[in-house]
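Overview (structure and organization)
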Amino acid sequence: MKYYHIYLIIFILSSSLVFSLNLYDNNVSNVVNLNPKNFGDQIIQNRSKNIISIVHFYKLDDSKSRGFKLTFEKFAEENDGMFKVAAINCKEFADICEKQEVREFPSFKVYPPLPAPVFIYEVYII
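The sections below set out a description of the structure shown in this document.

About the criteria used
- Residues numbered from 1 in each chain as written.
- Predicted model: local features only at pLDDT ≥ 70, side-chain atom pairs only at ≥ 80, totals over all residues.
- Heavy atoms only, no water.
- Buried < 20%, exposed > 50% of the residue type's maximum accessible area, 1.4 Å probe, protein only.
- Helix = DSSP H or I, 4+ residues; strand = E, 2+ residues; numbered from the N terminus.
- Pairing = 2+ DSSP bridges.
- Salt bridge = Lys/Arg side-chain N within 4 Å of Asp/Glu carboxyl O.
- Contact = heavy atoms within 4.5 Å.
- Arc of directions from axis to C-beta.

**Observations regarding the pairing of strand β2 (residues 53-58)**
With respect to burial, β2 is a largely interior element, 6 of its 6 residues being buried. Side chains of β2 alternate between two faces, with S53, V55 and F57 and I54, H56 and Y58 buried alike. In this structure, β2 lies alongside strand β3 (residues 84-89), joined through 6 bridges in parallel fashion. Residue H56 lies in a different strand from β3, and its bridge partner there is A87. Bridging between β2 and strand β4 (residues 107-111) involves 5 bridges; their strand directions are antiparallel. By the bridge assignment for β4, H56 is matched with F108.

Right, here's the structure in full:
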């Protein structure tokens, strides 16, 4: 019985860590973490409000995706108020990424004000 409680505690702790992992920490970063509940409000609806959004589509287990973290956070900090800078974990929220036609990681998409079309921002590693 004693070991049952230990296993239960470990399971609960590991489950909460798995479900809450994002590349960006909302407490210290200007990058907004997106999910199915806020993607429409934060990105799609902002286009009609003349707000430019830049979204980092990533997979947490992809080293190239993680490699852009510091650069994207610096960009978000330097451009605070000019752009909505956000990111979404495509491993966790694959439906949104598929709907946005993201197939390669990392990907960066710019959502300009309407009627301009959404476009991919090409990033090259030197």
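Moving on from the model shown.
**Regarding the pattern of salt bridges**
With the rule as written, the count across this model stands at 2 salt bridges. Among the ionic pairs, D61 bridges to K91, the shortest N-O distance being 2.8 Å. On the criterion of sequence distance, the pair formed by D61 in the loop between β2 and α3 (63-67) and K91 in the loop between β3 and α5 (94-99) is long-range, its members being 30 residues apart. Residue K91 is classed as exposed on the basis of its relative accessible area, which comes to 53%. Across the pair E78 and K74 runs a salt bridge, and its minimum N-O distance is 4.0 Å. Of this pair, E78 and K74 both sit in helix α4 (residues 69-78), separated by 4 residues, roughly a single helical turn. When its relative accessible area of 55% is taken as the criterion, E78 is described as exposed.

**Some words on the environment of F75**
Considering the arrangement of structural elements, one finds F75 in helix α4. With a relative accessible area of 28%, F75 lands in the partly exposed category. For the pair F75 and V31, spaced 44 residues apart in sequence, the C-alpha separation works out to 9.2 Å. Those residues within four positions of F75 in sequence are excluded, and the remaining contacts are I54, F83 and V85.

**Overview of α4**
Burial in α4 covers these residues: F72, E73 and A76. Around the axis of α4, the buried residues are gathered within 100 degrees of arc, so they sit on the same side. Summarising the geometry of α4, the exposed residues directed more than 90 degrees from the buried face are L70, T71, K74, E77 and E78. Of the surrounding elements, those touching the buried residues of α4 are β2, β3 and β4.

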